[in-house]
Amino acid sequence: MRVTVIGGGYVGLVTGACFSHLGNEVLIVEKVPEKVEKLRRGESPIYEPGLDELLKEGIEGGSLRFTTDIEEGVNFSDVVFICVGTPSLPDGSADLSQVEEVARLTAKSMKSYKLLVEKSTVPVNTHQLVKKTVQRYLGRDIPFDVASNPEFLREGSAVYDFLNPDRIVVGVEGDKAREIMEELYRPLTERGFPLLVTDPATAELIKHASNSFLAMKISFINMVADLCERTGADIELVAEGMGYDKRIGRAFLNAGIGYGGSCFPKDVKAFIKIAEDVGLDFGLLREVEKINSERIGRFIEKVLNALWTLKDKKIAVWGLAFKPNTDDIREAPSLKLIPELLKKGARIRAYDPKAMENFSRVFLPGDDLMYVQDKYEAVKGAEALLILTEWEEFAKADMEKVRELMELPIVVDGRNVFKPNHMRALGFEYYSIGRS
Ligand SMILES: NC(=O)c1ccc[n+]([C@@H]2O[C@H](COP(=O)([O-])OP(=O)(O)OC[C@H]3O[C@@H](n4cnc5c(N)ncnc54)[C@H](O)[C@@H]3O)[C@@H](O)[C@H]2O)c1
Ligand SMILES: O=c1ccn([C@@H]2O[C@H](COP(=O)(O)OP(=O)(O)O[C@H]3O[C@H](CO)[C@@H](O)[C@H](O)[C@H]3O)[C@@H](O)[C@H]2O)c(=O)[nH]1
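The protein appears in an unreviewed UniProt entry as UDP-glucose 6-dehydrogenase from Hydrogenivirga caldilitoris. Check the Pathway (unreviewed entry) section of the UniProt entry for the protein; it says "Nucleotide-sugar biosynthesis; UDP-alpha-D-glucuronate biosynthesis; UDP-alpha-D-glucuronate from UDP-alpha-D-glucose: step 1/1."

Novice: Outline the overall build of the protein, listing residues and values.
Specialist: When you go through the protein residue by residue, the secondary structure sums to 19 helices and 14 strands. Seen through its principal axes, the protein has C-alpha atoms that stretch 75 × 50 × 40 Å. The burial tally for the protein puts 47% of its 436 residues in the buried class.

Novice: So what about the site of ligand 2? Which residues, and what values?
Specialist: If you check the shell around ligand 2, you find 21 residues, and the closest are Glu-155, Asn-254, Tyr-259, Gly-261 and Cys-263. Those elements that provide at least two residues to the shell around ligand 2 are helix H10 (200–231) and helix H12 (264–277). Tallying contributions element by element places H10 first for the shell around ligand 2, with three residues.

Novice: Quick rundown of the domain arrangement of the protein? Include the residues and the values.
Specialist: Domain boundaries assigned for the protein yield domain 1 (2–198) and domain 2 (290–431). A separation of 37 Å is found between the C-alpha centroids of domain 1 and domain 2. Counting residues at the interface gives seven residues for domain 1 and seven residues for domain 2. Across the side of domain 1 that touches domain 2, the residue classes break down as three nonpolar, two polar and two charged.

Novice: For the site of ligand 1, give the residues involved together with the corresponding values.
Specialist: As a matter of local geometry, ligand 1 sits amid 26 residues, with Gly-7, Gly-9, Val-11, Ser-120 and Thr-121 nearest to it. Contributions of two or more residues to the shell around ligand 1 are made by helix H1 (10–21) and helix H5 (97–109).

Novice: Tell me about the sheet that holds strand S10 (residues 347–351), residues and numbers included.
Specialist: On the basis of which strands lie adjacent, the open sheet formed by six strands has the order S11-S10-S9-S12-S13-S14 and parallel pairing. The open sheet has two edge strands, strand S11 (369–371) and strand S14 (429–431), and neither has a second partner. Direction aside, the axes of adjacent strands within the sheet are offset by 20 degrees on average.

Novice: Quick rundown of the UniProt feature "binding site: NAD(+)" (unreviewed entry) in the protein? Include the residues and the values.
Specialist: Within this numbering scheme, the UniProt entry marks Lys-35, Thr-86, Thr-121, Glu-155, Lys-266 and Arg-330 as carrying the feature "binding site: NAD(+)" (unreviewed entry). With the annotated positions falling across 296 residues, the maximum pairwise C-alpha distance of 24.5 Å shows that they are not confined to a single cluster. Following the sequence through the fold, Lys-35 ends up in helix H2 (residues 33–40). The class of Lys-35 is buried, set by 20 C-beta atoms lying within 10 Å. Lys-35 has contacts with Gly-8, Glu-30 and Pro-45, leaving out every residue within four places of it along the chain.

Novice: Tell me about the packing of H12 against helix H13 (residues 283–307), and please be specific about residues and values.
Specialist: Remark: H12 packs on H13, axes separated minimally by 9 Å, with the N-to-C direction vectors making an angle of 155 degrees. Relative to H13, the element H12 is oriented roughly antiparallel. In this structure, H12 crosses over H13, and the sense of that crossing is left-handed. For the pair formed by H12 and H13, the contact residues are Val-268, Phe-271 and Ile-272 on the first element and Leu-285, Arg-286, Val-288 and Glu-289 on the second. Looking at the contact of H12 with H13, its residues break down into five nonpolar, no polar and two charged.

Novice: How would you summarise the packing of H10 against helix H11 (residues 235–243) if you had to cite specific residues and measurements?
Specialist: Where H10 contacts H11, the two axes come as close as 9 Å, and the packing angle between them is 135 degrees. The orientation of H10 relative to H11 falls into the category oblique. For H10 against H11, the interelement crossing comes out right-handed. On H11, the residues that touch Ile-221, Val-224, Ala-225 and Cys-228 of H10 are Ile-235, Val-238 and Ala-239.

Novice: Explain unusual backbone geometry to me, and be specific about the residues and the numbers.
Specialist: Despite not being glycine, Asn-125 has its phi angle at roughly 80 degrees, a positive value. On the secondary structure map, Asn-125 appears in the loop between strand S5 (114–118) and helix H6 (126–138). The exposure class of Asn-125 is partly exposed, given the 15 C-beta atoms found within 10 Å. A positive phi is found at Glu-331, a non-glycine position, where the angle reads about 55 degrees. Mapped onto the secondary structure, Glu-331 falls in the loop between strand S9 (314–318) and helix H14 (333–343).

Novice: Please give an account of the UniProt feature "domain: UDP-glucose/GDP-mannose dehydrogenase C-terminal" (unreviewed entry) in the protein that cites residues and values.
Specialist: Within the UniProt annotation, "domain: UDP-glucose/GDP-mannose dehydrogenase C-terminal" (unreviewed entry) is assigned to residues 316–420. Taken as a whole, residues 316–420 contains 33% helix and 18% strand, while its terminal C-alpha atoms sit 19 Å from one another.

Novice: So what's going on with the nonpolar core? Residues and values would help.
Specialist: Judged by nonpolar contacts, the single largest core of 80 residues is most densely connected at Ile-6, Val-14, Ile-82 and Leu-116. In this structure, Ile-6 is in contact with Val-29, Ile-70, Gly-73, Val-80, Phe-81, Ile-82, Cys-83, Val-84 and Val-102, ignoring residues within four places of it in sequence. Membership of the second largest hydrophobic core comes to 47 residues, among which are Phe-299, Phe-359, Ile-387 and Ile-410.

Novice: So what about H2? Which residues, and what values?
Specialist: Listing the buried residues of H2 in full gives Lys-35, Val-36 and Leu-39. Looking down the long axis of H2, one finds its buried residues gathered within 100 degrees of arc, a one-sided arrangement. Along H2, exposed side chains directed more than 90 degrees from the buried face belong to Pro-33 and Glu-34. Against the buried residues of H2 lie strand S3 (64–67). Just downstream of H2 lies Gly-42, where phi reads positive at about 85 degrees.

Novice: Report on the environment of Thr-126, specifying residues and quantitative values.
Specialist: Among the structural elements, Thr-126 can be located in helix H6. On the neighbour-count criterion, Thr-126 (24 C-beta atoms within 10 Å) is buried. In sequence terms Thr-126 and Asn-358 are 232 residues apart; their C-alpha atoms lie 32 Å from each other. Ignoring sequence-local partners within four residues, the contact set of Thr-126 consists of Leu-96, Val-99, Glu-118 and Glu-204.

Reading the values: the criteria
Residues numbered from 1 in each chain as written. Chains lettered and ligands numbered in written order. Predicted model: local features only at pLDDT ≥ 70, side-chain atom pairs only at ≥ 80, totals over all residues. UniProt positions renumbered as here; feature names shortened; annotations may be inferred. Helix = DSSP H or I, 4+ residues; strand = E, 2+ residues; numbered from the N terminus. Buried ≥ 20, exposed ≤ 12 C-beta atoms within 10 Å, placed from the backbone. Near = placed C-beta within 6 Å. Domains from an automatic or database assignment. Contact = placed C-beta atoms within 7 Å. Nonpolar A, V, L, I, M, F, W, Y, C, P; charged D, E, K, R; others polar. Pairing = 2+ DSSP bridges. Axes fitted to C-alpha atoms, helices over the stretch in contact; angles between N-to-C directions. Parallel < 35°, antiparallel > 145°, perpendicular 65-115°, else oblique. Left-handed = near helix turned anticlockwise from the far one by under 90°. Core = buried A, V, L, I, M, F, W, Y, C linked by C-beta atoms within 7 Å. Arc of directions from axis to C-beta.

What follows is the structure, encoded as structure tokens:
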């Protein structure tokens, strides 16, 4: 099948590359010309494991192309995936201007039937706005449908998640849209991955409800971690003990410095606003946000308890990305932590395997904040090491070497990468989350 994808970011690129891998002919429309030029050369503008290989396969096989021309994109196929951004507005609601733009431009460009599919995360009933916008700007009698097909991939494992989904959700209004979506996903449903067909509003709501629930799990366990610290219990064992219960599950019970990324913070905000707009107070989610925002202060407290003061302290930082295996720093806890540490007088040497380029665009390097190309370089002469992202290479680091390189062997681990007994046996003064 021919497929058009509008938006060549994390979701659009992975969606396009995976649909091409599954045997379709795909055209990705991206409005930033530099990204398109890069992609045409076979270079990915983002780091995502497995994506480079799929892009190469698609480009060399002729099944994956890129353009800046939305008219060309819209008329390339019958099915047009909307994969543009839906960031937060100041009041917390989702900014739908990019989605509106795609709906409008699709209406103006289309010459025959289109199925417009929302893959971007949008508030419930956005499909009605999309439909109305297309109708308004179409001005001629061409049939079209609007469907919702929310995306559940995680950054850092996006290609794997797309090709091995826990579920595929498709919200449609008619048989034609349903048949197109079922055909498109057949290679995955034939392998046993479940496809749930709903109406569009339900599909839209499933996405915000899922993300908000996961964020709630994280805030819950972070609160329990604080309780553990004050009572001498061990959060890792508490999470394990809870997780064996199939009704709870162990996933997303990792205590730490809070959730970040381009999705949870904005989607929880949007869900609160969606409820408010229909007269419901989702106070539970406001508490989830509050607990999350307090994680930064709690971590700084921990650092100060360990070091007494940060003035002129040489601090190594491992990890800047909001999670491992990505170069994405959107809403990363590091964006709040680093300026706090600098304000308190710390002199930082930071290292991240993939996110340093993005981070150094926000915080330019200087005397107090240096970026180094190696994790061992970061800890040389340091009076403390702070771990902000649980990259696997940190868990595998030669910690004896680290201890020898540091001036003081103090580690404050915001992601519980190490076992306290092991670290103490190696001679570290080790602080972590929810464990003594
Ligand atoms: N990042 C994730 O892990 C993830 C997962 C699931 C769902 N989502 C949702 O998917 C959507 C996209 O997220 P993302 O992280 O890929 O965003 P992104 O910012 O990485 O990518 C969006 C891209 O769309 C392009 N764009 C905007 N308007 C355009 C237009 N008119 N024509 C062509 N290109 C246009 C932008 O230039 C950008 O490259 C959001 O709604 C997000 O909430 C994201
Ligand atoms: O037990 C956990 C799990 C995650 N996190 C943090 O939560 C954030 C989000 O992590 P994750 O969900 O793995 O990454 P995302 O790429 O943001 O993916 C989420 O957001 C996407 C965008 O909507 C959805 O598609 C995914 O299903 C959903 O998991 C990160 O800061 C993690 O460090 C924790 O603190 N503890």
